[in-house]
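Chain by chain, the residues:
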Amino acid sequence: TTIDAYLDILKVKKARADKIAALSAQDPDLDIPVPDFTREAWEEMKADGKLPASRAAIPFSPRQDGCDRPVPNAVLKVPTGGGKTWLAISAVSRIMGRYLGRNTGFVLWIVPNEAIYTQTLKHLKDRQHPYRQALDHAAAGRVRIMEKTDRLDARDIETNLCVMILMLQSSNREDKNTLKMFQDRGDVHGFFPPEGEQQAHKEALDQTPNLTYYDFMYPMVKDSLGNALRIIRPVVVMDEGHRAVSDLAFSTLYGFNPCFVLELTATPQDVQPRG
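Residues numbered from 1 in each chain as written. Predicted model: local features only at pLDDT ≥ 70, side-chain atom pairs only at ≥ 80, totals over all residues. Heavy atoms only, no water.

Asks: Before we move on, can you summarise the overall build of the chain with the specific residues and values?
Replies: When its secondary structure is counted, the chain shows ten helices and ten strands. Taking 275 residues into account, the globule formula puts the C-alpha radius of gyration at 19 Å, and the chain, at 19 Å, falls close to it. Along the first, second and third principal axes, the C-alpha atoms of the chain reach 55 × 50 × 35 Å. Within the chain, the fraction of its 275 residues that count as buried is 47%. For the chain, the exposed surface amounts to about 14,100 Å²; the carbon and sulfur share of it is 50%. Averaging the positions of the 35 positive and the 36 negative side-chain charges in the chain gives two centres separated by 5 Å. (Helix = DSSP H or I, 4+ residues; strand = E, 2+ residues; numbered from the N terminus. Rg over C-alpha atoms; globule rule 2.2 N^0.38 Å. Buried < 20%, exposed > 50% of the residue type's maximum accessible area, 1.4 Å probe, protein only. Areas by Shrake-Rupley, 256 points an atom, 1.4 Å probe, with all protein chains shown as cover. Lys, Arg positive; Asp, Glu negative; His and termini not counted. Charge placed at Lys NZ, Arg CZ, Asp CG, Glu CD.)

So this is what it looks like as structure tokens:
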């Protein structure tokens, strides 16, 4: 009920902020400030008495992506064995439908270790498992479960709900074994301009400044999975979110430019705003 209320308020606040941003872009001389819709949603939830009692007295803690855009963030406190995965899938269904208004897109599902990775991947790939059946219901049967080594095409995201399972250390930029996420790949298609189109590459960087690129005679965006995620702006599900409170894990997670971050943990930890 609380998630539903938050998503409904968030949708209204974001629509208003988007209109103000569009007006500001049309006439920059007006110097119109664009509101942080995530803060406004939090404040309305607080004023309406819809926040948990433990949260109501705590100041709003903003979250921003790698391009300094506000990111909605919610944490579900779930005891061990309390059905985290089922709650995550139910919440993703609501985020896609109530907030984003679509049943296709991309979910980056981050897990903390190999055991949970293997179990989550197995359950989500099994069409007979209740977890997968719930996803199929949310996406009208168009679900694609992925790993980071799988081929990725922009058309897949337009027509399916793609769910990529990723281990936390695999998203860590300091892990040499996973820097491949930010290297050129021959199987990531439809996200970047063709080689040689200088103006298109410049426009891509203007639109998403935290893309990695080659700096030759002109900047050329890398055809990497990491860059594709930054353009996609996925919904992120963070299993055992208390593990992502270090500066590096936090910046890596939000550096994927998520449009929403959902954390699930038995032991939530407050994280102070970065900046």
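More follows now that the structure is in view.
Asks: Pulling in residues and values, what's your account of the pairing of strand β9 (residues 235–239)?
Replies: With respect to burial, β9 is a largely interior element, five of its five residues being buried. Burial along β9 is two-sided: the face carrying Val235, Val237 and Asp239 and the face carrying Val236 and Met238 are both buried. With four bridges connecting them, strand β2 (residues 105–111) and β9 associate as parallel partners. Within β9, the position partnered with valine 107 by the bridge is valine 235. Note: β9 against strand β10 (residues 260–265), five bridges, orientation parallel. Within β10, the position partnered with valine 237 by the bridge is leucine 262. (Pairing = 2+ DSSP bridges.)

Asks: Residues and numbers for the sheet that holds strand β1 (residues 73–77), please.
Replies: Strand order in the open sheet formed by six strands is β1-β10-β9-β2-β5-β3, with parallel pairing between adjacent strands. Unpaired on one side and paired on the other, β1 and β3 (143–146) mark the two borders of the sheet. Across the sheet, the axes of successive neighbouring strands diverge by a mean angle of 15 degrees, strand direction being ignored. Sheet topology places β1 next to β10; five bridges connect them, and they run parallel. Directly across from leucine 76, in β10, lies its bridge partner leucine 264. In the packing of helix α4 (residues 84–100) onto the sheet, contacts are made with β1, β2, β5 (161–167), β9 and β10, and the angle to β10 comes to roughly 160 degrees. Its contacts with the sheet put helix α6 (residues 130–138) on β3 and β5, and the angle it makes with β3 is roughly 130 degrees. (Axes fitted to C-alpha atoms, helices over the stretch in contact; angles between N-to-C directions. Contact = heavy atoms within 4.5 Å.)

Asks: Residue-level account of helix α8 (residues 198–207), with values.
Replies: Within α8, the full set of buried residues consists of His201, Ala204 and Leu205. Angularly, the buried residues of α8 cover 95 degrees about the axis, an arc narrow enough to put them on a single face. Of the surrounding elements, those touching the buried residues of α8 are β7 (213–215) and β8 (219–221). (Arc of directions from axis to C-beta.)

Asks: Kindly report on the nonpolar core, identifying the contributing residues and their values.
Replies: Val107, Trp109, Leu124, Leu135, Val163, Ile165 and Phe260 are the most contacted members of the largest nonpolar core, which totals 45 residues. Not counting the four nearest positions on each side in its chain, valine 107 is found in contact with Val92, Leu161, Cys162, Val163, Met164, Val235 and Val237. By size, the runner-up hydrophobic cluster in this structure holds 32 residues, among which are Leu168, Phe182, Phe191 and Tyr254. (Core = buried A, V, L, I, M, F, W, Y, C linked by side-chain atoms within 4.5 Å.)

Asks: Please give an account of the environment of glutamine 64 that cites residues and values.
Replies: Mapped onto the elements, glutamine 64 comes out in the loop between α3 (53–56) and β1. A residue is classified by how much of its surface remains accessible, and glutamine 64, at 44% relative accessible area, is partly exposed. C-alpha of glutamine 64 to C-alpha of arginine 142: the two residues are 78 residues apart in sequence and 30 Å apart in space. Not counting residues within four places of it along the chain, the set of residues in contact with glutamine 64 comprises Arg69, Pro70, Val71 and Tyr254.

Asks: With reference to specific residues and values, describe the packing of aromatic side chains.
Replies: Here the structure, examined in full by the defined rule, presents five aromatic pairs. By way of ring pairs, the aromatic residues Tyr6, Tyr99 and Phe260 are connected into one cluster. Between the NZ or CZ atom of lysine 14 and the centre of the ring of phenylalanine 37, over which it lies, the distance is 5.8 Å. For the cation-ring pair, lysine 222 lies above tyrosine 214, with the distance from its terminal atom to the ring centre recorded as 5.1 Å. (Phe/Tyr/Trp six-rings, centres within 6.5 Å; stacked < 30°, edge-to-face > 60°. Lys NZ or Arg CZ within 6 Å of the ring centre and 35° of its normal.)

Asks: Explain the packing of helix α5 (residues 114–125) against α6 residue by residue, including any values.
Replies: Where α5 contacts α6, the two axes come as close as 6 Å, and the packing angle between them is 55 degrees. One element, α5, and the other, α6, form an angle in the oblique class. The handedness of the crossing between α5 and α6 comes out as right-handed. Where α5 abuts α6, its residues His123, Leu124 and Lys125 lie against Tyr131, Arg132 and Leu135. Here the residues of the contact of α5 with α6 are counted per class, giving three nonpolar, one polar and two charged. (Parallel < 35°, antiparallel > 145°, perpendicular 65-115°, else oblique. Left-handed = near helix turned anticlockwise from the far one by under 90°. Nonpolar A, V, L, I, M, F, W, Y, C, P; charged D, E, K, R; others polar.)

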